[in-house]
Amino acid sequence: MSSIWIRVTVFGFERFVWVDTQEDEEMLVPHSDLVEGPQPMEDNLPVDDPPTSRFTWTIENFSRLNIKKLYSEVFVVGGYKWRILIFPKGNNVDHLSMYLDVADSHNLPYGWSRYAQFSLAVINQIHQKYTVRKDTQHQFNSRESDWGFTSFMPLGDLYNPSRGYLVNDTCVVEAEVAVRKVQDYWSYDSKKETGYVGLKNQGATCYMNSLLQTLYHIPYFRKAVYHMPTTENDMPSGSIPLALQSLFYKLQYSDSSVATKELTKSFGWDTYDSFMQHDVQELNRVLCEKLEDKMKGTVVEGTIQQLFEGHHMNYIECINVDCKSTRKESFYGWFNAAVYVTKFKPCEELPGGAYALYSVHVTSSDAKKGVLFIDFPPVLQLQLKRFEYDFMRDSMVKFLSLDFDPRPVVAMTAAVAVTLINDRYEFPLQLDLDREDGKYLSPEADRSICNLYTLHSVLVHSGGVHGGHYYAFIRPTLSDQWFKFDDERVTKEDMKRALEEQYGGEEELPPTNPGFNNTPFKFTKYSNAYMLVYIRESDKEKIFCDVDEKDIAEHLRIRLKREQEEKEDKRRYKAQAHLFTIIKVARDDDLRQQIGRDIYFDLVDHDRVHSFRVQKQMPFNLFKEEVAKEFGIPVQFQRFWIWAKRQNHTYRPNRPLTPQDEAQPVGQLREIVSKLNNADLKLFLEVELGQDLSPFPPPDKTKEDILLFFKFYDPEKEELRYVGRLFVKSSGRPIEILSKINEMAGFAPDEEIELYEEIKFEPCVMCEHLDKRSSFRLSQIEDGDIICFQKSAPLDSEDQFRYLDVPSYLEYVHNRQLVHFRSLERPKEEDFSLELSKLNTYDDVVERVAAHLGLDDPSKIRLTSHNCYSQQPKPQPIKYRGVEHLADMLVHYNQSSDILYYEVLDIPLPELQGLKNLKVAFHHSTKDDVIIHNIRLPKQSTVEDVLNVLKTKVELSHHNAELRLLEVFYHKIYKIFPPYEKIENINDQYWTLRTEELEWLSKFPDLPLVTYQIPEEEKNLGPHDRLIHVYHFNKETAQNQMQVQNFGEPFLLIVREGETLAEVKARIQKKLQVPDEEFSKWKFAFLSLGRPEYLQDSDIVSNRFQRKDVYGAWEQYLGLEHSDNAPKRAYAANQNRHTYEKPVKIYN
């Protein structure tokens, strides 16, 4: 016998199963001897009812077959040809191998595939019940044209005549095949296949989607939502009624899945909420309560109560005394009181004395209590008890089976620990709440109302308590046809899928060899019904009312139809995108508007210029006519330039289009200009204007002509602007065009100006002075270059302007940074902002901050960088002059921030960095008070210096008392610091990082350093006395393993040689001052590496501990075990974040 792990997939969950096998494990594989790699996932899903056929193959003289493999005759199922393939002696195994094969696979067209569910069987001709039958399913294709079982059944069983599989040397093989039509998942059209559409999942909103689909398919509810008053000025993202109306309208009339972002925005949710899965019944309650509130004062006020509210009567009645107390209460369909109807006890007897107060009588008497229903709502929503709160653990735990049947319960509204129950619970298609002659109804109930309910929806949860997936099975019209609403996908389903497969509990896989006493494999079903919706039969006509467009407000219809048209336009635009191209045309006007405002470098932001969407086949000459219509520039006055990206990453006009270029279609021209298939065609439109601003034809351009662009800088105003462009001769010199440049700027012709060439700006600015007397060719000036100019500055003007010349101004613009400063004490609140330069030094930055705060000494400012991922300050501040420039302060890995945190110190930062700051908790030997002290000493100081300073600050029990310093972590003493140790070696950075995880006395979580007065007994240790650690603990069971959890205050204790546990216990009780009653409940154990060994009063305690100094030996200790009866949250190192999920809230 051998044992192996096998991986099985059960209802979408992969599981590894340990299986004992007497024979070789059966494998579902093609008949090839070796299958490499994983088997393909089935991306295509079956739809519609499959055609099924059974084929029987009788094989005579079976034992005499002397061939490796044998094919059956061809049979046809679903229009496809099939045959059975067997290996009589096994396919390299000592088992019969049997497969289903596509008979004509070699003749089928490329890419063929078909999906089949099938069973193969070897008939037992003596005892039919011992027939060996195995089921599987497969998507057949050219690579896997056969599929089945390599180890179908042992050859020894098959060839043994007494077994009944070979009678008269004849073997009977049977195949039952169901062929299903294959539907590609991605091309599946829910609207076309089912008439309904799904809802898009935002990340973890499947729970909301399943609930919304259920509510939508209650027409009365939908109609009421449509009639909630909204206005055309409302925005769906800010109005829950309008967002819900919009959502329902789209579900009713859209042809594709509907987004829910507007609805969640109207709830006040952000992205974080969309990625946190909540409880569907909790959302149901919160949403309906919100809608109920918003319906008040409208024509649909009371709809929620009319649909979902019922009433019941709680009563307590004395048996021997004529006294009865009753209380009428309302319940909603999602609430607890109404739903004990399936396993409900209307009356429970109470023993005498259980109730002493009835009305005004004070007595002790036998009594009975119960609940009777006055009326039920038309729509009954039942919550099945799949989740249960564990008070002892107060943590997320999952149980797969329980000792009781689940019953519907109240929806939990707080994010508390729960247990998921997967027990089997069968719910009926029809629910009769009048059964047993109205046994559950109160005398006040209206017996004329028939409380017969029909199942409408089944909301299903698949997975565990920490997560999973929700979907819903719904009968929109209560017909026999069920539909599965699984986010975006809607499919038709049969009743078995909707009901029986959602009962939960365990499922048993069929035995591999029936009749041979092999244990069947059972697995817990992780998909089960979680919420049920029933509709009362007598209210069907009212609930399933007609809902059409006239129920929808006109402004909503107009708005949604407009949105639909815009969506259709976008779809059409996208579908036709390959036929069109985008041409972006920049003009002088764009340069004037953008330079000095939106941009400073290069010439234009192409995303802000006019765009034309034209067909790729349009001749460019026709495009020019479009431009003439748009800009009013006749075609003959237009000249277009092509932009080009240079090696220095600047983008400049490169050359004008030639007549040959303009004769081509725009699509071909774009391909010539850009190598990127999807790149837009970017052009510069040159238009020459006369004195009267009327256009005239552009001048002829020769190779000698260069097109230059000019920017003017004013250092007084710190302003840069575009002034125009000029053609110059490459052989000419700048000095020859100074008067024209002055004219563009509005200066006198003889104004002295300085010229600079703007070369590049990334990664650094390069702007060089241009020699006026050198030729443009010698200065390497070419088409598209930018010349910046300014008035020549007087010699004494250096101190008048911050940025005296063009290069310094462009440097400033390139490096300027608006920094948002926040106080480290209020890291979420912006305090002030300063415009700084990325090149500012550390001193520059702190000086600006100090000046803003009115602080005389900038060295008292300490800065901390921002963590771009956590959106919090970094754990460590910036050291004094620890970084060179502001840019270094703002970088976090590859991301750049614009936030810095500041704090004002009481001493200069350089002085502080030479000191060590320790936060120490002082424990008095006789008082319970714990006082925290901040000790600041030079780093070269020792622990003894710390204790001496502390002695001056605390009240000691006597003047000769001695102190020691301990390091405590998670209620254990990890170190006793020797007096000579330097405090610089105490890693306060580590403890700061671990502040959240430290637990000291449950009151001082961030204090690792603790001081104690040394007890007198420890000063007189004998040679065989031991100093041991004593910790409090309790035991918990997590994931079927016992865990020891320490808590409370640890301490050290002297154990004398030969001292018994009884004597040690007496000293511990006196030390801790614990009352006898409480102390008697404690157990004492020796623990090593977390394993307790319980001690008896007569045990010698010192014998258990090492014969050596145990300072730091925290894993060996005397444990004081407390019984854990309090409902408190136990610490777990890997607590799942879902334990602390916030409850569902709708804020608007």
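The name given to the protein chain in an unreviewed UniProt entry is ubiquitinyl hydrolase 1, with the source organism recorded as Dillenia turbinata. Under the Catalytic activity (unreviewed entry) heading, UniProt states for the protein chain: "Thiol-dependent hydrolysis of ester, thioester, amide, peptide and isopeptide bonds formed by the C-terminal Gly of ubiquitin (a 76-residue protein attached to proteins as an intracellular targeting signal)."

Asker: Looking at this model, I keep getting lost on the pairing of strand S8 (residues 80–87). Mind explaining?
Answerer: Look at any regular strand and the pattern is simple: side chains alternate between the two faces of the sheet. Relative to S8, strand S6 (residues 70–71) is paired through two bridges, and the arrangement is antiparallel. Note that in S8 the partner of Leu-70 across the bridge is Ile-86. Bridge count for strand S7 (residues 75–77) against S8 is three bridges, and the pairing is antiparallel. Bridging from a neighbouring strand, Val-76 pairs with Lys-81 of S8. The antiparallel hairpin formed by S7 and S8 contains two residues in its connecting segment, where Gly-78 sits at a positive phi of about 65°. Relative to strand S9 (residues 95–102), S8 runs antiparallel, the two being bridged by six bridges.

Asker: Where do I start with the sheet that holds strand S41 (residues 786–791) in this structure?
Answerer: Hydrogen bonds along the backbone pair up the strands of a sheet, which may run parallel or antiparallel. Read from one edge to the other, the open sheet built from five strands follows the order S38-S37-S41-S39-S40, with strand pairing classed as mixed. The two strands at the open ends of the sheet, each matched to only one other strand, are strand S38 (719–729) and strand S40 (766–769). Ignoring which end each strand starts from, the neighbouring axes of this sheet average 30° apart. Two strands pair when backbone bridges link them, and strand S37 (residues 705–714) and S41 are joined in this way by four bridges, in the parallel orientation. Across the sheet, Lys-711 pairs through a bridge with Cys-788, a residue of S41.

Asker: Would you mind going over the packing of helix H3 (residues 206–216) against helix H5 (residues 240–253) with me for this structure?
Answerer: What describes two packed helices is the angle between their axes and the distance between those same axes. Where H3 contacts H5, the axes come no closer than 11 Å and their chain directions differ by 75°. Considered as vectors, H3 and H5 are oriented roughly perpendicular to each other. Here Leu-212, Gln-213, Leu-215 and Tyr-216 of H3 come into contact with H5, specifically with Leu-244, Leu-247, Phe-248, Leu-251 and Gln-252. Looking at side-chain class alone, the contact of H3 with H5 contains seven nonpolar, two polar and no charged residues.

Asker: Would you mind going over unusual backbone geometry with me for this structure?
Answerer: Comment: phi is negative for the bulk of residues other than glycine, and the bulk of peptide bonds are trans. Cis geometry is found at the peptide bond from Glu-762 to Pro-763, where omega equals 0°. Topologically, Pro-763 is positioned in the loop between strand S39 (753–760) and S40. Positive phi outside glycine occurs at Gln-780, with the angle close to 60°. Mapped onto the elements of the fold, Gln-780 is located in the loop between S40 and S41.

Definitions and cut-offs
Residues numbered from 1 in each chain as written. Predicted model: local features only at pLDDT ≥ 70, side-chain atom pairs only at ≥ 80, totals over all residues. Heavy atoms only, no water. UniProt positions renumbered as here; feature names shortened; annotations may be inferred. Pairing = 2+ DSSP bridges. Helix = DSSP H or I, 4+ residues; strand = E, 2+ residues; numbered from the N terminus. Axes fitted to C-alpha atoms, helices over the stretch in contact; angles between N-to-C directions. Parallel < 35°, antiparallel > 145°, perpendicular 65-115°, else oblique. Contact = heavy atoms within 4.5 Å. Nonpolar A, V, L, I, M, F, W, Y, C, P; charged D, E, K, R; others polar.

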